[in-house]
Amino acid sequence: MTQGTTSPSPPGTPSPARSGPPPTIAQVAREIGVSVPTVSKVLNGRADVAPATRRRVEEALERHQYRRRRPGAPPDGAGLVDLVFHQLGSTWSMEIIRGVERAAAAARTSVILSELGGEHRPPRTWLETTLARPPVGVLLVASQLTETQQRRLVSRAIPFVVIDTDGDTPADVPTVGSDNWNGGLAATRHLVELGHRRIAAIGGPSDMLCSRARLDGYRSALETAGIDVDPGLVDAGNFYVEAGYAATRRLLDRADRPTAIFAGSDMQAMGVLRAAQELGLRVPADLSVVGYDDLPIARWTSPALTTVRQPLTEMASAATRIVLDLAAGVRPEVTRVNLATELIVRESTAPPP
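Procedures and definitions
- Residues numbered from 1 in each chain as written.
- Predicted model: local features only at pLDDT ≥ 70, side-chain atom pairs only at ≥ 80, totals over all residues.
- Heavy atoms only, no water.
- Helix = DSSP H or I, 4+ residues; strand = E, 2+ residues; numbered from the N terminus.
- Buried < 20%, exposed > 50% of the residue type's maximum accessible area, 1.4 Å probe, protein only.
- Contact = heavy atoms within 4.5 Å.
- Areas by Shrake-Rupley, 256 points an atom, 1.4 Å probe, with all protein chains shown as cover.
- Core = buried A, V, L, I, M, F, W, Y, C linked by side-chain atoms within 4.5 Å.
- Pairing = 2+ DSSP bridges.
- pLDDT = per-residue confidence, 0-100.
- Polar contact = N/O pair within 3.5 Å; in protein donor to acceptor, adjacent residues only side chain to side chain.
- Phe/Tyr/Trp six-rings, centres within 6.5 Å; stacked < 30°, edge-to-face > 60°.
- Lys NZ or Arg CZ within 6 Å of the ring centre and 35° of its normal.
- Arc of directions from axis to C-beta.
- Axes fitted to C-alpha atoms, helices over the stretch in contact; angles between N-to-C directions.
- Salt bridge = Lys/Arg side-chain N within 4 Å of Asp/Glu carboxyl O.
- Parallel < 35°, antiparallel > 145°, perpendicular 65-115°, else oblique.
- Nonpolar A, V, L, I, M, F, W, Y, C, P; charged D, E, K, R; others polar.

1. Considerations on the overall build of the protein
Here's step 1: Along the protein, the regular secondary structure elements total 11 helices and 12 strands.
Here's step 2: Across the 353 residues of the protein, 54% fall into the buried class.
Here's step 3: Sequence-distant contacts, at least 24 apart, represent 73% of the contacts inside the protein between residues at least 6 apart.
Here's step 4: Accessible area of the protein: about 15,200 Å², with a carbon and sulfur share of 51%.

2. A closer look at the nonpolar core
Here's step 1: Membership of the largest hydrophobic core comes to 33 residues, with the highest contact counts inside it found for Ile-199, Tyr-218, Ile-261, Phe-262, Val-272, Leu-287 and Val-289.
Here's step 2: Elements that contribute at least two residues to this core include exactly helix 7 (180-193), strand 6 (199-202), helix 8 (209-224), helix 9 (241-252), strand 8 (260-263), helix 10 (266-278) and strand 9 (288-293).
Here's step 3: Top contributing element to this core by residue count: helix 10, with five residues.
Here's step 4: In contact with Ile-199, other than residues within four places in its own chain, are Thr-188, Leu-191, Val-192, Tyr-218, Leu-222, Leu-233 and Ala-260.

3. A short note on the pairing of strand 10 (residues 306-309)
Here's step 1: Two strands pair when backbone bridges link them, and strand 9 and strand 10 are joined in this way by four bridges, in the parallel orientation. The residue of strand 10 that forms the bridge with Gly-291 is Thr-307.
Here's step 2: In this structure, strand 10 lies alongside strand 12 (residues 342-344), joined through three bridges in antiparallel fashion. Bridging from a neighbouring strand, Arg-309 pairs with Glu-342 of strand 12.

4. Let's talk about the sheet that holds strand 9
Here's step 1: One open sheet holds the six strands; their spatial order is 7-6-8-9-10-12, and the pairing between them is mixed. Looking at strand neighbours, the two that pair on one side only are strand 7 (234-235) and strand 12, the edges of this open sheet.

5. Concerning helix 6 (residues 147-155)
Here's step 1: For helix 6, the set of buried residues is Gln-149, Gln-150, Arg-152, Leu-153, Val-154 and Ser-155.
Here's step 2: Ala-157 lies just past helix 6 and shows a positive phi near 60°.

6. Quick word on the confidence of the model for the protein
Here's step 1: Mean pLDDT for the protein: 86, with 88% of residues reaching 70 or above.
Here's step 2: Low confidence marks residues 1-11, where pLDDT is under 50. Its contacts with residues over four positions away, or in another chain, come to 33 contacts.
Here's step 3: Considering only residues more than four positions removed or in separate chains, one finds that residues 13-18, a stretch of pLDDT under 50, has 21 contacts.

7. Description of the side chain of Asp-82
Here's step 1: Relative to the helices and strands, Asp-82 is located in strand 1 (residues 80-85).
Here's step 2: For Asp-82, the side chain forms a polar contact with the side chain of Ser-114, separated by 3.0 Å.
Here's step 3: Polar contacts involving the side chain of Asp-82 include one to the side chain of Trp-126, which spans 3.3 Å.
Here's step 4: Leaving out residues up to four positions away in the same chain, Asp-82 has contacts with Ile-112, Leu-113, Ser-114, Trp-126, Thr-130, Arg-133, Pro-135, Gly-137, Val-138 and Leu-139.

8. Looking at the packing of aromatic side chains
Geometrically, a pair of aromatic rings is defined through the distance of the ring centres and the angle of the planes.
Here's step 1: Summed over all chains, the structure comprises one aromatic pair.
Here's step 2: Above the face of the Tyr-292 ring, Arg-214 is positioned so that its terminal group lies 3.9 Å from the ring centre.

9. Description of helix 5 (residues 124-132)
Here's step 1: Those residues of helix 5 that sit buried are Trp-126, Leu-127, Thr-130 and Leu-131. Buried residues of helix 5 fall within an arc of 125° about the axis and therefore sit on the same side.
Here's step 2: Where helix 5 is buried, its residues contact helix 3 (51-63), strand 1, strand 2 (110-115), strand 3 (137-141) and helix 6.

10. Things to note about the sheet that holds strand 11 (residues 336-339)
Here's step 1: Pairing is parallel across the open sheet formed by six strands, whose spatial order is 2-1-3-4-5-11. Two strands close off the open sheet at either side, each with one partner strand: strand 2 and strand 11. Ignoring strand direction, the axes of neighbouring strands in this sheet form an average angle of 20°.
Here's step 2: Summarising the sheet, strand 5 (residues 175-178) and strand 11 pair through four bridges and their orientation is parallel. Counterpart to Gly-177 in the pairing with strand 11 is Asn-338.

11. What about the pattern of salt bridges?
Here's step 1: Tallied over the full model, the rule gives 14 salt bridges.
Here's step 2: Among the salt bridges present, the one from Arg-198 reaches Asp-256, with a minimum N-O distance of 3.2 Å. Taken together, the positions of Arg-198 in the loop between helix 7 and strand 6 and Asp-256 in the loop between helix 9 and strand 8 put the pair 58 residues apart, joining distant regions of the chain.
Here's step 3: According to the relative accessible area criterion, Arg-198 is partly exposed, its value standing at 26%.
Here's step 4: Here Glu-278 ties to Arg-274 by a salt bridge, and the two come within 3.1 Å at their closest N and O atoms. Here Glu-278 and its partner Arg-274 are both found in helix 10, four residues apart, which amounts to about one turn of the helix.
Here's step 5: Among the ionic contacts, a cluster of salt bridges with common partners joins Arg-198, Asp-230, Arg-254 and Asp-256.

12. Digging into the packing of helix 2 (residues 36-43) against helix 3
Here's step 1: Two elements in contact, helix 2 and helix 3, have axes whose closest approach is 10 Å; the angle formed by their N-to-C orientations is 80°. Between helix 2 and helix 3, the interaxial angle falls into the category roughly perpendicular. On the side of helix 2, the interface is formed by Thr-38, Val-39, Val-42 and Leu-43, while helix 3 contributes Thr-53, Arg-54, Val-57, Glu-58 and Leu-61.
Here's step 2: Residue classes in the contact of helix 2 with helix 3 are distributed as five nonpolar, two polar and two charged.

Printed below as a string of structure tokens:
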């Protein structure tokens, strides 16, 4: 029979304050008029419970802030990590998957993928499927859980870690990211040092923290150099090729068009290169371009792309090691990781014409 526990929660398993001793599942069962095996089935994610009964049990468990006792590490090869993407479909995603797979394989743990169709909050259906598996831990890429979802994972002793968070996460939730502000600063400062003064920026989704941080670094570099930030030179994107292409066509259609463009991702930079080529502009003789991420394709573009290296595989591997430690009941020494970015200068930047 599974019993509750009052042991302290490690990071990634936030738990509200509770008064009095934790209930047993027998007490929960008596309170709502169901059997102990029914409560146990819900706790273990079993599917053979009627939806209405499951809701009553879940509500009672949340009401009592019930926490299942954390198990030890699963046997080799028996564990699953659920890797949740807000959106798949880019080389960027593959770098994250590669990093997770590398760390999971070292721990003889398998990885399953979930995709949220561009949303940053998992739906209820995802949570129900996850609890029915259940995984040893959850990795969330550019997405976060609601407070209710957090509590339900906590009650099943399923830890979670956020990779490249889309916004401010609670202090007790482990996160792994990179220094996006410094990346935007370095990219723009490089263009300023080459002599550019009309520098455009194509950001990512405005609701993502990493996108806002890169643009903040861009603005800081201009302001430090005494260059006014022209709002007309800042365009919105979504980190994908098509957005970079469309934004570049708008920017280069201006009478006072920019001499350089900082794209918020390498994929958007691909769109910049395509638009410049169609308009008969040479890169970097007529237009300098800086990307972001340093995806493998960046060194194979023509010209090879100057970009900001974001250590995606290292971020993903670090997050995986943290969630596996938490699943084994080990408290990691560091749970808020922010890895360094680095400017990689190649052939797509030069002094302005």
